[in-house]
Amino acid sequence: MPPLLPAPPPLRNNPRRRADNQTGYGRTSKDKVSFMAISGLIRVMEKAARKAGSRLRRDFGEIEHLQVSRKGPADFVSKADQASERTIWDELRAARPEWGYLFEEAGEIEGDPDKPRFIVDPLDGTTNFLHGIPHFAISIAVQEPRLDGKGWGEVTAGLIYNPVTDESYWAEKSRGAWLQDKRLRVSSRRHLDESVIATGIPFAGHGDAGEWTKIYHALAPQVAGIRRFGSAALDLAWVAAGRYEGFWEADLKPWDTAAGCLLVREAGGFVSDWKGRSLPIHDTQILAGNDALHSRLHKLLANALK
């Protein structure tokens, strides 16, 4: 598996320039990543994700042999989940020993309060993984401490890696969003009836089915399709890549969305909560969309919940 190509110099001019086609994949040679400005941080994150992803691929081929224990209603933790987290922890700690961590399984590990922290989901889409469905990802984000020392602020780097397809989606603040060495831009579709929207459906012990149903009934008649694939991290990466025009879900966690929020924003899209507020990380409520449709999706959603 080849490493990611280097990141470009900071992108200041016209960051939301339209793609040449509606899916966000029209590019020129200027959209290729320069070999001269590789980010050491992205290298570190990619190395950790690829190493853990290699182990996940092996375990995915032997699903029936995995040891699985219940962590909660319809929520499982597997040996593969734990092994992936440990691999990522070892790689990141070797490269950034003073940084803190927020892991899905291990929880918060404090580091130097003046240093950033990694937010890690070692296996987003665990249920897919355990059922032999090849749609899951590793998500790693970097969050900066607030200047006033009171908690955590903006997310400045993020990477979402799909071990099955060997796709690395990554972004750095003010430097764009990328899939391997190609620049990503949100879809340029401007009409809801041409748009595909992703979501996460409430299930046993998770989410508000009544709230979700109200939103679904408001959006479904307006759009070309609604999809539920089972990985919020990949859903957000696909919004950034122009494969979806939008995404909504509630009752998530920071490790589900931290990298994805940055990817969508750096690809020219918008991310908010149900009230339209924009925060560094959205987890309790998240609505992501391209620059043309986010406000219309938000209006439909808000009206549905009145």
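Think of each chain on its own: its residues are numbered from 1, step by step along the sequence as written. Residues qualify for local features only when their pLDDT is at least 70, as the model is predicted, and side-chain atom pairs are given and counted only at 80 or more; totals for whole chains, interfaces and linings, by contrast, use all residues. Neither water nor hydrogens contribute to the side-chain values; these are computed over all heavy atoms in the structure.

### Observations concerning the packing of helix α1 (residues 40-60) against helix α2 (residues 79-95)
Turning to step 1, where the next piece is worked out: All axes here are fitted lines through C-alpha atoms, helices being fitted over the stretch that makes contact, and every angle between N-to-C directions spans 0 to 180 degrees. Helix and strand labels come from DSSP, where a helix needs a run of H or I of at least four residues and a strand needs a run of E of at least two; each type is numbered from the N terminus. At a minimum axis distance of 9 Å, the contact between α1 and α2 shows a crossing angle of 160 degrees. Here α1 is positioned roughly antiparallel relative to α2, judged by the angle of their axes. The hand of the α1/α2 crossing is right-handed. Seen from α1, the contacting residues are Val44, Met45, Lys47, Ala48, Lys51, Ala52, Arg55, Leu56 and Asp59; seen from α2, they are Ala80, Ala83, Ser84, Thr87, Ile88, Glu91, Leu92 and Ala95.
Turning to step 2, where the next piece is worked out: Here the nonpolar group is Ala, Val, Leu, Ile, Met, Phe, Trp, Tyr, Cys and Pro; Asp, Glu, Lys and Arg are the charged ones; every other residue, Gly included, is treated as polar. Here the contact of α1 with α2 is composed, by residue class, of ten nonpolar, two polar and five charged. Put simply, angles under 35 degrees are roughly parallel, angles over 145 are roughly antiparallel, angles from 65 to 115 are roughly perpendicular, and the rest are oblique. By definition, any crossing whose near helix is turned counterclockwise from its far helix by less than a right angle is left-handed, and any crossing with a clockwise turn is right-handed. Whether two residues touch is decided by their heavy atoms; if any such pair falls within 4.5 Å, the residues are in contact.

### Comments concerning the sheet that holds strand β5 (residues 117-124)
Turning to step 1, where the next piece is worked out: Strand order across the open sheet formed by eight strands is β4-β3-β5-β6-β7-β8-β9-β10, with mixed pairing between neighbours. Only two strands of the sheet have a single partner each, and these edge strands are β4 (107-109) and β10 (182-184). Strand-to-strand twist of the sheet, defined as the mean angle between neighbouring strand axes without regard to direction, takes the value 20 degrees.
Turning to step 2, where the next piece is worked out: Note: two strands are recorded as paired if DSSP finds a minimum of 2 bridges between them. Pairing between strand β9 (residues 177-179) and β10: three bridges, direction antiparallel. If you follow Leu179 over to β10, its bridge partner there is Lys182.
Turning to step 3, where the next piece is worked out: The sheet strands contacting α2 are β3 (100-103), β4, β5 and β6 (137-145), and the helix crosses β5 at an angle near 150 degrees.
Turning to step 4, where the next piece is worked out: Against the sheet, helix α6 (residues 254-266) contacts β3, β5, β6, β7 (152-162), β8 (167-172), β9 and β10, and its axis sits at roughly 90 degrees relative to β7.

### Observations concerning helix α4 (residues 209-219)
Three- or four-residue spacings in an α-helix give side chains the same orientation, since the helix completes a turn every 3.6 residues.
Turning to step 1, where the next piece is worked out: Throughout, exposure labels follow a simple rule: accessible area from a 1.4 Å probe, protein chains only, divided by the maximum for the residue type, with under 20% read as buried, over 50% as exposed, and the rest as partly exposed. By the burial criterion, the buried members of α4 are Trp212, Ile215, Ala218 and Leu219. Buried residues of α4 fall within an arc of 125 degrees about the axis and therefore sit on the same side.
Turning to step 2, where the next piece is worked out: Looking at the buried positions of α4, the neighbouring elements they touch are β11 (196-199), β12 (225-227), β13 (246-250) and α7 (294-304). When we speak of the arc, we mean the arc of directions from the helix axis to the C-beta atoms.

### What about the packing of aromatic side chains?
Turning to step 1, where the next piece is worked out: Ring pairs are drawn from Phe, Tyr and Trp, using the six-membered ring of Trp, whenever the two centres fall within 6.5 Å, and their geometry is named by plane angle: stacked under 30 degrees, edge-to-face over 60, tilted for the rest. Across all of its chains, the model carries 14 aromatic pairs by this definition.
Turning to step 2, where the next piece is worked out: Residues Phe60 and Phe129 carry aromatic rings whose centres are separated by 5.5 Å and whose planes lie at 45 degrees to one another, so their mutual orientation is tilted. Note that Phe60 is positioned in helix α1 and Phe129 in helix α3 (residues 126-130), a separation of 69 residues in sequence.
Turning to step 3, where the next piece is worked out: Its relative accessible area of 0% is what places Phe129 among the buried residues.
Turning to step 4, where the next piece is worked out: Seen in terms of ring centroids, Trp212 and Tyr216 are 5.2 Å apart; in terms of plane orientation they differ by 15 degrees. Their pairing is stacked.

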